[in-house]
Every structure is written in structure tokens, then in C-alpha cells.
Amino acid sequence: MQKMIIEARVNEYAMRDENPHVPWSPSEIADAAARCRDAGASILHYHSRAADGSPLQTFELNAEIIRRVRAKCDILILPTLGFFSNDEDPASRIDCMLQLAKDPQTKPDLAPIDTGSVNLETFDAATGAFAHADRVYENRTDSLVHYAKSLRQAGVKPKLVCWSIGFVRRAAAMMEAGLIDEPGYFLLNMTDGPYITGHPGTPKGLQALVDFLPAGRDCVWTANIVGGSLVDLAPYVAGNGGNIAPGIGDYAYGEIGAPPNHEVVRRIADIARAHGRDIATPDDVRRRLKLTPPA
Ligand code: ZN
């Protein structure tokens with residue numbers, strides 16, 4: 001089987017109440033990146049954050065993070081477009097990535113495109129209460145086409161983030177329309193705990209997404225769970241040829257002591273090896289995903 005690609009999702013917009021190790025500052029993110037690289041991660045996914053942890057998506061902050069990470073290690077860089085915090089003008093959400101891509105030193109290797117829109121509420125099953133009931137993460141199709149065209153022009157590989165089968169079908173349609181080059185790189189983004197908008201983070205929830213990847217096209221898929229443990233799902237992912245994207249940004253891993261990111265990555269790399277999967281290096285990923293060579 002192919003080597004397993006591990007993407008470390010180090011912070012998202014997580015605060016530190018459930019896991020104190022969530023990195024916020026550029027130096028904390030760079031330290032986490034280097035440790036995750038040592039533990040087996042080949043891709044870093046991070047969100048730029050202000051000093052108090054709030055979302056802060058600026059060119060300057062992203063440039064500083066990327067420079068610091070690259071000074072420490074060779075991990076591939078996958079920022080965010082800003083998620084729901086950068087939602088006011090969907091078309092301009094990509095502008096920060098395009099600006100970073102102009103300088104080889106700050107150019108991201110990959111950038112995410114969420115191929116559909118979702119409600120981002122949370123649900124407390126114990127009390128029956130919804131929170132953030134007005135929150136929608138909007139990704140209009142005209143915006144997606146704009147992202148795909150501008151990322152191609154900038155030489156940045158899109159990662160197709162899919163929260164349900166409709167997202168997978170839209171991503172497949174974008175490949176069909178010639179907007180996305182092969183291999184299609186899919187993040188199958190399940191949700192658990194208080195997040196109810198994606199497929200459950202179980203073998204069934206995952207396999208339903210995998211089953212609808214476009215047949216006859218070269219696709220690489222990675223499993224992720226917002227609000228749930230990938231440690232439990234890792235044996236299934238490893239045994240079925242998938243890749244995996246763990247990190248304390250999506251889930252605090254309280255049941256294993258709320259560890260730092262690299263400890264979760266190491267644990268998952270060990271599970272993968274035990275299932276016969278070697279771990280991909282950044283160079284392996286460059287070749288597999290046909291990324292633009294570094295300048
Ligand atoms: Zn993210």
C-alpha cells in the first residue's frame with residue numbers, strides 16, 4: 001500500500017480550556033510544526049491567531065508563520081482561507097493565499113477549498129440546546145470556481161474539503177469541469193461530539209464518502225474528524241489505504257491526557273506502521289500530489 005500521509009491540524013480556532021497545548025503565536029506554531037514533522041507529519045495545517053487566540057487572518061501574520069516554520073523544518077504548508085471568520089466577501093477569502101504565493105519563501109504548498117456550505121451550530125445532547133444556531137459557513141459555487149482558477153494560476157494545490165456526499169460530488173464535478181488537476185486531494189471531514197453537520201467519524205461514515213470519490217480518476221483521500229478521536233479510526237484508515245489528519249485543533253484528546261499535537265501524531269504513526277503502512281515524507285507527498293517543486 002501507498003505510504004500514509006499525515007497532516008497535522010495543530011490549532012484551528014481551538015481555545016486552551018480543554019487542551020492547554022494549542023499553539024497560537026507564530027513561534028508556538030513553528031515549534032509544534034517541527035515536533036509534528038519529527039513524529040511523522042508531512043503537512044502542517046494551521047490557522048493564524050491573535051495573541052488572545054482570536055482568529056486573525058492577515059498576510060503579515062501568515063508570512064511570519066510560514067517563514068518561521070520553514071526555518072525549522074521541511075514540512076509542507078497548508079494554511080486556512082479563514083474559515084467562517086473570513087466570510088464577509090467569499091470571493092476575496094482567497095486573496096491572502098494569492099499574496100503569499102507571490103514570494104517563493106511564503107508560498108503555501110496547498111490551500112483548502114470547502115466544496116459546499118454548512119450550518120456550523122453545535123448541539124448539546126444532554127440539554128437539547130443548540131448554540132451558534134445562526135452560523136453558516138458559506139461556499140458558493142461561483143466562489144469555488146474562482147478559488148480553483150486562482151490557485152492553479154498561483155501554483156498552489158487545492159485540497160478539496162468534503163463534509164458530506166454532496167461536497168464529494170461537487171468536487172468531482174469540478175474535476176470533470178477541468179478546474180482541478182489530478183490527483184484530486186480530498187479531505188473527508190467528518191464531525192462528532194457537539195458537531196452534527198458532517199458524517200459521523202466511524203468506518204460507515206467515512207466509507208460512505210470514500211465510495212463516492214470519482215471512479216476512474218486519480219484521488220488521494222485523507223480522513224479527519226472535527227470533535228472526535230482519530231486514534232480510534234486510524235486502524236480502519238490505515239487498513240483501507242487512506243491518509244489521516246489528526247491534531248488538537250479539532251479535538252482535545254482529553255481521554256488520553258490532552259497531549260500536545262506531536263504526541264497524537266506519533267501515536268497515529270505507530271498505528272499506521274502496525275498496519276503495514278510506512279509514513280510519507282514531504283518529498284513523497286510532493287511526488288504523489290504532483291506539487292510544484294520548491295523554488
Ligand atoms: Zn482548518
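Residues numbered from 1 in each chain as written. Predicted model: local features only at pLDDT ≥ 70, side-chain atom pairs only at ≥ 80, totals over all residues. Heavy atoms only, no water.

Caption draft 1: The arrangement of the pattern of salt bridges in detail. Under the defined criterion, the tally for this structure stands at 20 salt bridges. The closest approach of N and O atoms between R67 and D103, which form a salt bridge, is 3.5 Å. Taken together, the residues span a long stretch of sequence, with R67 in helix α2 (residues 59-72) and D103 in the loop between α3 (95-101) and β4 (110-114) at a distance of 36 residues. Take R67: its relative accessible area is 41%, and that puts it in the partly exposed class. Residue D103 is classed as partly exposed on the basis of its relative accessible area, which comes to 26%. For the salt bridge of D284 with R287, the shortest nitrogen-to-oxygen distance reads 2.9 Å. With a gap of three residues between them, D284 and R287 both fall in helix α9 (residues 282-289), about one helical turn apart. Classification of R287 as exposed rests on a relative accessible area of 59%. Among the ionic contacts, a cluster of salt bridges with common partners joins E7, R9, E12, K159 and D250. (Salt bridge = Lys/Arg side-chain N within 4 Å of Asp/Glu carboxyl O. Helix = DSSP H or I, 4+ residues; strand = E, 2+ residues; numbered from the N terminus. Buried < 20%, exposed > 50% of the residue type's maximum accessible area, 1.4 Å probe, protein only.)

Caption draft 2: Fine view of the layout of surface pockets. Size it by volume and the largest pocket reaches roughly 850 Å³. What lines the largest pocket is a set of 43 residues, among which E12, Y195, V226, G249 and D250 lie closest to the centre. Of all elements in the fold, only β4, β9 (157-162) and β10 (184-191) reach the threshold of two or more residues within the lining of the largest pocket. The dominant element in the lining of the largest pocket, judged by the number of residues it contributes, is β4, at three residues. The class makeup of the residues in the lining of the largest pocket is 22 nonpolar, 12 polar and nine charged. (1 Å grid on protein atoms, 1.4 Å probe; cavity = no way out; pocket = protein on both sides within 12 Å on 5 of 7 lines; lining within 4 Å. Points joined across faces, edges and corners; volume = space filled by probe spheres on them. Nonpolar A, V, L, I, M, F, W, Y, C, P; charged D, E, K, R; others polar.)

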